[in-house]
Amino acid sequence: MDLRCTILWIISTIALTANAQRQLLMPQALRQGDTIAIVSPSSTPDTLTVEKGCQTLREWGYVPVVAPHALNNWHGFAGTADERAADMLWALRDSTVKAIICSRGGDGAVQVLERIPLSEFRTHPKWVMGFSDATALHSAEVAAGVMSIHCSMCDGIAMRGERDSVNAILQRLLQGELPSYHVSAHPLNQQGEAEGILVGGNMSVFCGLAGSEYDFLNRTDEGLILFFEDTGEQMSKVDRMLHLLAIRGILPRLKGIIVGHFSKYKSPDSGFTDMYDMLHEYLQHYDIPVCYDFPIGHHSGKNYPLVEGCRVRLEVGSEGTNVKSER
């Protein structure tokens, strides 16, 4: 690359970053008959699970299309990193694809990000749906200035059925109706009100992107409300991730926190035995609203869809917590 091309590339990169910081784009609402691509950026999914997910999308009135490598198996991943990245780029660039849903989580999405320039997400703003390891894609979307949807994937939407209340929220969201929630009060909640840009997901995944261009926590100047959950992580590791957020200066700048479900974790030989108690010990020192036990995460219950990058109002009071999405 010659000097002139290098200078133009630097200017375009700076311009893209500045534009992303100014405004977050909301992808267009879907219409009946629109195509939704099913991709597998992480681990290999079960074929039957994908088929059931496709059936649910058809029942909603959409046309599901499974990406070319979505059912591959390469050392536990759904294809090589190049194949998974190729599927994601196809889904982003194909004008007939109106939204993207991940088949499952697992591991490996960060390998895909290495092969997708951040500008691709901004150039092709589409709803990307999923949770768990898909948090890496949400982080990239928001870092690029595009909203995305933290929600259940193929197994979740298929298992819960067409008439399920959580599935109904996701359907309305795809049609352009932003969600608002009220959940019961938790004894550890810290009361207060705040407004900010909602980001979050799987804690170990987004902490693993710390400092990279794909890190949505780089947008701290806009005022963030952070939500997080995790599964299978020891309390000591969650403690380290929490302190990493503090050392980076993220925690002191947050407007509010929403704590989801933590499952299958191990407590240390001494100290706290409950994850929420451990988190509360540190979060109580921040003068911001904090909601515990919000229904998101790896569990058999509800996994409320949340719009990453959307401005929300968080109200934590004695009667419960309200999370209101705003345009």
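Whatever comes next refers back to the structure up there.
Quick caveat: nothing in here was measured; it's all calculated off a predicted structure. (Residues numbered from 1 in each chain as written. Predicted model: local features only at pLDDT ≥ 70, side-chain atom pairs only at ≥ 80, totals over all residues. Heavy atoms only, no water.)

Draft legend 1. Summary view of the packing of aromatic side chains. Across all of its chains, the model carries 6 aromatic pairs by this definition. Summarising the aromatic geometry, the rings of Phe228 and Phe262 are spaced 6.2 Å apart at their centres and angled 75° between planes, so their arrangement reads as edge-to-face. Here Phe262 lies in strand 9 (residues 256-263) and Phe228 lies in strand 8 (residues 224-231), a separation of 34 residues in the sequence. Accessibility assignment for this pair places Phe228 and Phe262 in one class, buried. Every member of this aromatic cluster is reached through a ring pair, and the members are Tyr181, Phe294 and Tyr304. (Phe/Tyr/Trp six-rings, centres within 6.5 Å; stacked < 30°, edge-to-face > 60°. Helix = DSSP H or I, 4+ residues; strand = E, 2+ residues; numbered from the N terminus. Buried < 20%, exposed > 50% of the residue type's maximum accessible area, 1.4 Å probe, protein only.)

Draft legend 2. Molecular detail of the side chain of Glu229. Examined against the element boundaries, Glu229 turns out to sit in strand 8. A distance of 3.5 Å separates a polar atom in the side chain of Glu229 from a polar atom in the side chain of Asn202. Aside from chain neighbours lying at most four places away, what touches Glu229 is Phe131, Ser132, Gly201, Asn202, Met203, Gly260, His261, Phe262, Ile296, Gly297 and His298. (Polar contact = N/O pair within 3.5 Å; in protein donor to acceptor, adjacent residues only side chain to side chain. Contact = heavy atoms within 4.5 Å.)

Draft legend 3. Focus on helix 11 (residues 275-283). Taken together, the buried positions of helix 11 are Met275, Tyr276, Met278, Leu279, His280 and Leu283. Where helix 11 is buried, its residues meet strand 8, helix 10 (235-247), strand 9 and strand 10 (290-291).

Draft legend 4. Main features of the nonpolar core. If you look at the biggest cluster of nonpolar residues, it comprises 55 residues, and the most contacted ones within it are Met203, Val259 and Leu279. Core analysis: the next-biggest nonpolar cluster, separate from the first, contains 30 residues, Ala37, Ala85, Ile116 and Ala143 among them. (Core = buried A, V, L, I, M, F, W, Y, C linked by side-chain atoms within 4.5 Å.)

Draft legend 5. Region of interest: unusual backbone geometry. Phi at His75 takes a positive value of approximately 55°, unusual for a residue other than glycine. Mapped onto the fold, His75 is located in the loop between strand 2 (63-66) and helix 3 (81-93). His75 gets classed as exposed once you look at its relative accessible area, which sits at 67%.

Draft legend 6. Expanded view of the state of the cysteines. This model, assessed by the stated rule, comprises 0 disulfides. Cys291 carries a free sulfur, and the closest cysteine sulfur to it, the one in Cys310, is 17 Å from it. Look at Cys291 and you get buried, because its relative accessible area is 0%. Residue Cys310 stays outside any disulfide, its sulfur separated by 14 Å from that of Cys151, the closest cysteine. (Disulfide = S-S within 2.5 Å.)

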